[in-house]
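Architecture at a glance
One letter stands for each residue in the lines below.
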Amino acid sequence: MSMTADTKATTAPKRKPVFVKVNQLKPGTSGHTLIVKVLESNPVKPAIRRSSLTQSIRSPRIAECLIGDDTGCILFTARNDQVDLMKTGATVILRNAKIDLFKDTMRMVVDRWGRIEVTDPVSFEVNRGNNLSLIEYELVTLPA
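Predicted model, so just to flag it, every value in this text is computed and none were measured.

**Thoughts on the overall build of the protein**
- Each helix and strand counted, the protein has 2 helices and 8 strands in total.
- Listing the helices and strands of the protein from first to last along the sequence gives α-β-β-β-β-β-α-β-β-β.
- Here the protein holds 144 residues, and the buried ones make up 33% of them.
- Residue pairs in contact within the protein that sit at least 24 positions apart in sequence constitute 63% of those at least 6 positions apart.
- Carbon and sulfur atoms form 54% of the exposed surface of the protein, whose accessible area is close to 10,200 Å².

Next up, the structure:
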């Protein structure tokens, strides 16, 4: 299939990714691209759910992973196929990642609009002393 001049004009140019560091992450934000090391990957035991026919329903595979860079670390929730990529010791590029709050603490996730890529190891040491998932946040409603 050939591309016409009209098609080229309507195609938006791809933007270069802007890489951020872990210490720049804030609750409720999205669209983050960053390079991190996986420090730990711990599978979460799934809850067994029963359907109305008393057949067990296969739960999604979930792992809580501690990831980080030279500025800090944060918990990452890996789901299904992501669990296989987020192995302890791996270096990954997270594209279009977002920050969710879970039990008032930050968790990073990559949903279906994002991507995880395993990449070459990096030279930085992860700053475990700045764990953003240990900070509790409280939702405050401001009067109108």
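Text resumes after the structure shown.
**Digging into the packing of aromatic side chains**
- Taken as a whole, this structure holds 0 aromatic pairs when the rule is applied.
- The residue whose ring lies beneath Lys 21 is Phe 124, and the NZ or CZ to ring-centre distance is 5.7 Å.

**As for the pattern of salt bridges**
- Scanning all chains against the criterion turns up 7 salt bridges.
- A salt bridge links Glu 64 to Arg 107; the nearest nitrogen and oxygen atoms lie 3.5 Å apart. Of this pair, Glu 64 sits in strand 4 (residues 62-69) while Arg 107 is found in strand 7 (residues 105-109), placing the two residues 43 residues apart along the sequence.

**Focus: the confidence of the model for the protein**
- Here the protein averages 83 in pLDDT, and 82% of its residues register 70 or above.
- Of all helices and strands in the protein, the one with the weakest mean pLDDT is helix 1 (residues 5-10) (51), whereas strand 5 (residues 72-79) scores best (93).

**A few points about the environment of Glu 138**
- By secondary structure assignment, the location of Glu 138 is in the segment after strand 8 (115-119).
- When the C-alpha atoms of Glu 138 and Leu 101 are compared, they prove to be 9.8 Å apart, with 37 residues separating the residues in sequence.

**Section: the layout of surface pockets**
- If you add up the space inside the largest pocket, you get close to 380 Å³.
- Considering the residues around the largest pocket, the lining is formed by 12 residues, among which Arg 15, Lys 16, Pro 17, Thr 33 and Arg 95 are closest to the centre.
- Its residues assigned to classes, the lining of the largest pocket shows 3 nonpolar, 4 polar and 5 charged.
- If you add up the space inside the second largest pocket, you get close to 180 Å³.
- Forming the boundary of the second largest pocket are Val 44, Ile 62, Glu 64, Thr 77, Arg 79, Asp 100, Phe 102, Arg 107 and Val 109.
- Counting residues per element, the ones that place at least two in the lining of the second largest pocket are strand 4, strand 5, strand 6 (91-102) and strand 7.

Definitions and limits used
- Residues numbered from 1 in each chain as written.
- Predicted model: local features only at pLDDT ≥ 70, side-chain atom pairs only at ≥ 80, totals over all residues.
- Heavy atoms only, no water.
- Helix = DSSP H or I, 4+ residues; strand = E, 2+ residues; numbered from the N terminus.
- Buried < 20%, exposed > 50% of the residue type's maximum accessible area, 1.4 Å probe, protein only.
- Contact = heavy atoms within 4.5 Å.
- Areas by Shrake-Rupley, 256 points an atom, 1.4 Å probe, with all protein chains shown as cover.
- Phe/Tyr/Trp six-rings, centres within 6.5 Å; stacked < 30°, edge-to-face > 60°.
- Lys NZ or Arg CZ within 6 Å of the ring centre and 35° of its normal.
- Salt bridge = Lys/Arg side-chain N within 4 Å of Asp/Glu carboxyl O.
- pLDDT = per-residue confidence, 0-100.
- 1 Å grid on protein atoms, 1.4 Å probe; cavity = no way out; pocket = protein on both sides within 12 Å on 5 of 7 lines; lining within 4 Å.
- Points joined across faces, edges and corners; volume = space filled by probe spheres on them.
- Nonpolar A, V, L, I, M, F, W, Y, C, P; charged D, E, K, R; others polar.

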